[in-house]
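Reading the structure
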Amino acid sequence: MNYLAIVTFATALYSASAAADSFRCQNDLVYLGDSKAAVLQKCGEPLVKDAFCETRPAQTTSTTQGSTVVNVATCENVDEWTYNPGSGKFMTTLRFESGKLANIKLGDRAK
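Throughout, a residue's number is its position along its own chain's written sequence, starting from 1. Confidence filtering applies because this is a predicted model: local features only for residues at pLDDT of at least 70, side-chain atom pairs given and counted only at 80 or more, and all residues used for totals across whole chains, interfaces and linings. Heavy atoms throughout the structure, all of them, feed into the side-chain values; hydrogens and water do not.

1. Examining unusual backbone geometry
Non-glycine residue Q26 carries a positive phi angle of around 55°. Examined against the element boundaries, Q26 turns out to sit in the loop between β1 (22–25) and β2 (28–31). Even without glycine at this site, S98 takes up a positive phi of about 55°. Looking at the element boundaries, S98 is found in the loop between β7 (90–97) and β8 (100–109). Look at S98 and you get exposed, because its relative accessible area is 59%. Working definition: helices are DSSP H or I runs of at least four residues, strands are E runs of at least two. Numbering for both runs from the N terminus. Think of it in three bands: residues with accessible area under 20% of the maximum for their type are buried, residues over 50% are exposed, and the middle band is partly exposed, with areas taken using a 1.4 Å probe on protein chains only.

2. Focus on the state of the cysteines
To count as a disulfide, a pair of cysteine sulfur atoms needs to be within 2.5 Å. One pass over the structure, following the stated rule, counts two disulfides. The partner cysteine of C25 in its disulfide is C43, sulfur to sulfur 1.9 Å. Note on the C25 and C43 pair: the S-S dihedral is about -55°, so by sign convention the disulfide is left-handed. Here the residue C25 occupies a position in strand β1, and C43 occupies one in helix α2 (residues 36–43), the gap between them amounting to 18 residues. For C25, a relative accessible area of 7% puts it in the buried group. Classification of C43 as buried rests on a relative accessible area of 7%. Each sulfur of the disulfide joining C53 and C75 lies 0.8 Å from the other. Taken together, the positions of C53 in strand β3 (residues 48–55) and C75 in strand β6 (residues 75–83) put the pair 22 residues apart, joining distant regions of the chain.

3. Thoughts on the packing of aromatic side chains
Stacked, edge-to-face and tilted labels apply to pairs of Phe, Tyr and Trp rings (six-membered ring for Trp) whose centres lie within 6.5 Å, assigned for plane angles under 30 degrees, over 60, and everything in between, in that order. Going through the model one piece at a time under the given rule, you end up with two aromatic pairs. Taken together, a centroid distance of 4.6 Å and an interplanar angle of 55° make the contact between W81 and F96 tilted. Of the two residues, W81 sits in strand β6 while F96 sits in strand β7, which places them 15 residues apart along the sequence. The pair W81 / F96 is uniform in exposure class, with both members buried. In our convention, an over-ring charge means Lys NZ or Arg CZ found within 6 Å of a ring centre and within 35 degrees of that ring's normal. We note K49 situated over the ring of W81; from NZ or CZ to the ring centre the distance is 5.0 Å.

4. Here we look at the pairing of β1
One face of the sheet, then the other: side chains in a regular strand alternate in exactly this way. Any two strands are treated as partners once DSSP identifies two or more bridges connecting them. Here four bridges tie β1 to β2, and the two strands are oriented antiparallel to one another. Bridge assignment links C25 to a residue of β2, and that residue is D28. Here β1 hands over to β2 after two residues, with Q26 in that stretch at a positive phi of 55°.

Without other data, these values stay purely geometric and don't point to any function.
Now the structure itself:
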């Protein structure tokens, strides 16, 4: 492998990891932890909005008297918004958990 190929590969890896913490939309950036309202204000309406309930496992605890307390499995509201940032750029899905941006996932290149 030549030097240019190694540098190009390293740059691509760095860019992919940096993109996981923020997303550029229009002339602004959104970051992990941002609210849905902040993302809407900066990015506008997404191409696709999905909302679902993700079940969290029940937790069991013991009391000092030896009895067992079982908490009912909870459901966390999850929203996934997909943006098309433009031709040749990566489709991007923003995942919100409890109303906060929790994950940024790059998809296929937009056509």
